[in-house]
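Tertiary structure, described
These are the residues of each chain, in order.
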Amino acid sequence: MSDIIVAGAGHGGLVAAWKLAQLGHRVTVYERNAEKNLGYDQKDPVDAAYFDFAGIDYPESWKAPNNVITLVPVDKTVEPFTLPQEKGASTLIVERRELLSFLIDLCRQAGVNFVFNCGVREPVTLGSRVIGIMTDHGVRLADLIIDACGIDSPLRTGLPDFMNIQKNLGAFDRLHVYRAYYERVPDKPDPPNRYNVYINRNGTVGFTWLITESDCVDVLVARFNDVTEEDLRENIDFLCEENEHMSRKLVRGGEIVDIPVRQPLAVFVADGYAAVGDSACMTVPIKGSGIGYSIKAGVLLAEAVKEDTDGLFNCDTLWKYEYSFFRETGFSACSVAVEKNLLPYLTAKEVSDFIKSGILTGDELAELSVDKIEYLRKNNIVSALRNKLKLLNGMPELRNKALRFITWFGREKLIEPSLPAEYDREAVAKWAEHYNEFFESIKTDKIPGEAEDE
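Every chain is numbered independently, its residues counted from 1 as its sequence is written. Local features in this predicted model are restricted to residues whose pLDDT is 70 or higher, and side-chain atom pairs enter the listing and the counts only when it is 80 or higher, whereas totals over whole chains, interfaces and linings include all residues. Think of the side-chain values as coming from all heavy atoms in the structure, minus any hydrogens and water.

1. Brief notes about the overall build of the chain
Stated precisely, the cut-off is as follows: Here a helix means four or more residues in a row that DSSP labels H or I, a strand means two or more in a row labelled E, and each is numbered from the N terminus. Here the term buried applies to any residue with accessible area under 20% of the maximum for its type, exposed to any over 50%, and partly exposed to those in between, with areas from a 1.4 Å probe on protein chains only. The contact criterion used throughout is that any non-hydrogen atoms of two residues lie within 4.5 Å. For the area figures, the Shrake-Rupley method with a 1.4 Å probe applies, and any residue is considered shielded solely by the protein chains shown.
Counting its regular elements, the chain contains 13 helices and 18 strands. When the 454 residues of the chain are sorted by exposure, 54% land in the buried category. Residue pairs in contact within the chain that sit at least 24 positions apart in sequence constitute 72% of those at least 6 positions apart. Carbon together with sulfur atoms contributes 48% to the accessible area of the chain, which is approximately 20000 Å² in total.

Rendered as structure tokens:
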């Protein structure tokens, strides 16, 4: 059996470690933090289907009502828009720290070794292969390095350029997120909607949510620019004014962290190396929740390693992991990434106008949120949206922006067939170039009729 290093105790890395140890491999996880300090002090929803896919039996206590989101426009003449409940979804709500502890226990039962309080500094390479990691305790070598170090992984950023793995994230690829829980005001009733997402009053540079729990109020402030103290004060003031059951007393949380909100990396494997989770930008590209994607990726990675009976762990064998991830999950994430890139163009008022226009019904949005690719193919949504654009004839700027989105979505669909089914260095390099150029182009693509910047 082989020696395998998992760098970072992220969700996907732990699932991969657990699966690989069950296969008989010698697996060691290196984590910079102490075990007691792992994870953010917050809860997160995860679809139970991801745990089922991994064969993980979860506690009954994690089961919870499905989240039903209500969009609250800035224009108060426009009624809040509640999305229908996702079809077939089974939501689990779990504390991040509890989930990480749960996965670590699974790993230990399978024989995984852990080294905490040991930072990972950079990759160790020999020719075209990653052969180990440099840690706070020195060099550690292995047959395979799994990168679960997170959004700014020192392993990914230290890889040679010829591996075609994007090192640094670009503009608008990450959210700065404040997450905190506030005490409820006694004797104040629950609001009509449990989960409200507020469109920013100053243009769509991010969003704010408020989730009403039985014992507290869950608040998130997400920005593509830095979250400032002034911004936080304004948002907390606004939320308290709109929600009488929310007090200003902080119960827990209050950290500001960065999360990736973009399409998955074009390439996240190399000889002796595979990235998983936030290290490969495996998140939902609007809200940044990546637990479910990471769990699935950890399983797919372990399956690719299992098939490599010669223990080569090179691009040829690890590409099966990347190809499977894109086909099962990654291209759906790409579709959401296209939607996300509308945000820099839309003002809060335009979001209100879009909702008011009725161009997309709640049922259509619900279908899109569950299975975007299949729904779009089945219903030819691009053609349908073109027909619906007549609803925006009185709003030419918004209509032009909607047209631009349709064009982007059509272009994104053309990328999918070019993903190589087998690894070929030249073909993969062309795929990565085409993929990255498309997503960079839609960040700066001009809306028809817009004035050029001076």
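2. Here we look at the sheet that holds strand 13 (residues 195-199)
As a reminder, the rule being used: The pairing criterion is simple: DSSP has to find at least two bridges between the two strands.
Spatially, 7 strands are ordered 5-4-13-14-15-12-16 in an open sheet, and the strand pairing comes out mixed. Two strands close off the open sheet at either side, each with one partner strand: strand 5 (81-82) and strand 16 (246-260). Direction of pairing for strand 14 (residues 206-212) relative to strand 15 (residues 216-223): antiparallel, over a ladder of 7 bridges. Across the sheet, residue Trp209 finds its bridge partner in strand 15, namely Leu220.

3. What to know about the side chain of Ser247
Keep this limit in mind: Counting of polar contacts relies on pairs of N or O atoms within 3.5 Å, with two restrictions inside protein: one atom must be capable of donating a hydrogen and the other of accepting it, and residues adjacent in sequence are counted only when both atoms are side-chain atoms.
Here Ser247 lies in strand 16. Overall, Ser247 belongs to the buried group, its relative accessible area being 14%. Polar contacts involving the side chain of Ser247 include one to the main-chain carbonyl oxygen of Glu183, which spans 2.6 Å. One polar contact links the side chain of Ser247 to the main-chain amide nitrogen of Lys249, over a distance of 3.2 Å. In contact with Ser247, not counting residues within four places along its chain, are Tyr182, Glu183, Arg184, Val185 and Cys240.

4. A word on the pairing of strand 15
Taking burial as the measure, the 8 residues of strand 15 include 8 buried ones, the bulk of the element. What you see with strand 15 is no split at all: Cys216, Asp218, Leu220 and Ala222 on one side and Val217, Val219, Val221 and Arg223 on the other are buried throughout. Here strand 12 (residues 174-184) runs beside strand 15; their pairing, made up of 8 bridges, is antiparallel. The residue of strand 15 that forms the bridge with Glu183 is Cys216. What sits between the antiparallel neighbours strand 14 and strand 15 is a turn of 3 residues.

5. Here's the deal with the side chain of Thr212
As for its placement among the helices and strands, Thr212 is situated in strand 14. At a separation of 2.9 Å, a polar atom in the side chain of Thr212 contacts the side chain of His245.

6. Remarks on the packing of aromatic side chains
Convention followed: Aromatic rings from Phe, Tyr and Trp, taking only the six-membered ring of Trp, are treated as a pair when their centres fall within 6.5 Å; an angle between ring planes under 30 degrees marks them as stacked, one over 60 as edge-to-face, and anything in between as tilted.
Summed over the entire model, instances satisfying the criterion amount to 20 aromatic pairs. The interplanar angle of 65° and the centroid separation of 5.7 Å between the aromatic rings of Trp319 and Tyr423 together place this pair among those described as edge-to-face. Of this pair, Trp319 sits in helix 7 (residues 315-340) while Tyr423 is found in the loop between helix 12 (396-415) and helix 13 (425-444), placing the two residues 104 residues apart along the sequence. Residue classification places Tyr423 among the buried residues on the basis of a relative accessible area of 16%.

7. Re the pattern of salt bridges
Rules: The rule for a salt bridge is simple: a side-chain nitrogen of Lys or Arg has to be within 4 Å of a carboxyl oxygen of Asp or Glu.
This model, assessed by the stated rule, comprises 22 salt bridges. Across the pair Asp44 and Arg96 runs a salt bridge, and its minimum N-O distance is 2.5 Å. On the criterion of sequence distance, the pair formed by Asp44 in strand 3 (residues 43-47) and Arg96 in helix 3 (residues 96-110) is long-range, its members being 52 residues apart. Among the salt bridges present, the one from Lys296 reaches Glu328, with a minimum N-O distance of 3.3 Å. Of this pair, Lys296 sits in helix 6 (residues 291-307) while Glu328 is found in helix 7, placing the two residues 32 residues apart along the sequence. We classify Lys296 as buried; its relative accessible area is 13%. Sharing partners across several salt bridges, the network here consists of Asp44, Arg96, Arg179 and Asp218.

8. What about helix 7?
The test is simple: An expected span of 1.5 Å times one less than the residue number is assigned to each helix. To get the bend at any residue, fit one axis to the seven residues that end at it and another to the seven that begin at it, then take the angle between the two axes.
For helix 7, which comprises 26 residues, the first-to-last C-alpha distance of 31 Å sits more than 12% below the rise-based estimate of 38 Å (1.5 Å per residue). By the largest-angle criterion, Phe326 marks the main kink of helix 7, which is about 55°. The N-capping residue of helix 7, defined by a side-chain oxygen 3.2 Å from the backbone nitrogen of Asp316, is Asn314.

9. A word on the nonpolar core
Here is the rule we go by: Think of a nonpolar core as a cluster: buried Ala, Val, Leu, Ile, Met, Phe, Trp, Tyr and Cys residues, connected wherever their side-chain atoms sit within 4.5 Å.
Counting residues in hydrophobic clusters, the biggest one holds 101 residues, and the most contacted among them are Phe51, Ile56, Ile146, Phe268, Met282, Tyr321 and Trp431. Counting residues per element, this core draws most heavily on helix 7, which supplies 11 residues. If sequence neighbours within four positions are ignored, Met282 has contacts with Phe268, Ala275, Val276, Gly277, Gly290, Tyr293, Ser294, Ala297, Tyr321 and Phe325. Core analysis: the next-biggest nonpolar cluster, separate from the first, contains 16 residues, Tyr182, Val221, Leu232 and Ile236 among them.

10. Brief notes about the sheet that holds strand 10 (residues 138-141)
For the record, the criterion: Fitted lines through C-alpha atoms serve as axes, helices being fitted only where they are in contact, and the angles separating the N-to-C directions of these axes extend from 0 to 180 degrees.
Overall, antiparallel pairing links the 3 strands, which are arranged 8-9-10 in an open sheet. At either end of the open sheet lies a strand with only one pairing partner, and these are strand 8 (120-126) and strand 10. The mean angle between the axes of side-by-side strands here comes to 35°, regardless of whether they run parallel or antiparallel. Direction of pairing for strand 9 (residues 129-135) relative to strand 10: antiparallel, over a ladder of 4 bridges. Within strand 10, the position partnered with Ile133 by the bridge is Arg140.

11. Some words on the pairing of strand 11 (residues 144-147)
Across the two faces of strand 11 the burial is the same, with Leu144 and Ile146 and Ile145 and Asp147 all buried. Of the strand pairs in this sheet, strand 1 (residues 3-7) and strand 11 are connected by 4 bridges, and their pairing is parallel. Note that in strand 11 the partner of Ile5 across the bridge is Ile145.

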